[in-house]
Each structure stands twice: as structure tokens, then as C-alpha cells.
Amino acid sequence: MTVRPIGIHRFQQAQRVRFIGGEGIVRNLKLETGTWKYLVEMPLGDEPSFGRVGAETMVLLSETELRAA
């Protein structure tokens, strides 16, 4: 296990990452209660017949849930 100072994050904005259930690109990050949180945008699939609803492809994940792609 690598120990990093709390202010240093592992992933950068626009970096491709993987997690259980998919993969995506880091769009935003912030330090929240001592843990880095990442807003990850997943790639869009085929557009449904009723159109897009909005940010249905965004997930908020902690640093421990992510791996570099």
C-alpha cells in the first residue's frame, strides 16, 4: 500500500479510468471529508427513441473505487 499526503489525488481531470461496472473519463474531482471524490462521465451508448434525459452517464465515485485505464 502506498501512502500519499491527503492533499494529493491519484487521478487527473480528463483521465480515463475503470471501475466495477464500467469505465469513463474524470470530469471533476474534490476532496471531501478526507477522501477524494471523482465525477466520472461514462461513454454514451446508442440514443434511445425518446432521446437523452440528461446526465444519466455521470457517476460519483471515491478514489478507492477507481483504477487507471
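This text follows the structure it describes.
Just so we're clear, the structure is a prediction, and the values are computed from it rather than from any experiment.

**Student:** Is there a simple way to explain a nonpolar patch on the surface in this structure?
**Tutor:** Taken together, the side chains of L39, M58 and L60 make up a nonpolar region of the molecular surface, amounting to roughly 250 Å² of accessible area. Within the element layout of this structure, L60 appears in strand β4 (residues 58-62). For L60, a relative accessible area of 57% translates into the label exposed.

**Student:** Explanation requested: the sheet that holds strand β5 (residues 67-68) in the structure shown.
**Tutor:** Strand pairing in a sheet relies on backbone hydrogen bonds, with the paired strands running either antiparallel or parallel. One open sheet holds the five strands; their spatial order is β4-β3-β2-β1-β5, and the pairing between them is antiparallel. Looking at which strands have only one partner, the edges of the open sheet turn out to be β4 and β5. Pairing of strand β2 (residues 22-32) with strand β3 (residues 35-41), which is carried by seven bridges, proceeds in the antiparallel orientation. Paired with L29 across the bridge in β3 is Y38.

The rules behind each value
- Residues numbered from 1 in each chain as written.
- Predicted model: local features only at pLDDT ≥ 70, side-chain atom pairs only at ≥ 80, totals over all residues.
- Heavy atoms only, no water.
- Patch = residues over 30% accessible without salt bridge, like charges linked within 9 Å, V, L, I, M, F, W, Y side chains within 5 Å.
- Areas by Shrake-Rupley, 256 points an atom, 1.4 Å probe, with all protein chains shown as cover.
- Salt bridge = Lys/Arg side-chain N within 4 Å of Asp/Glu carboxyl O.
- Helix = DSSP H or I, 4+ residues; strand = E, 2+ residues; numbered from the N terminus.
- Buried < 20%, exposed > 50% of the residue type's maximum accessible area, 1.4 Å probe, protein only.
- Pairing = 2+ DSSP bridges.

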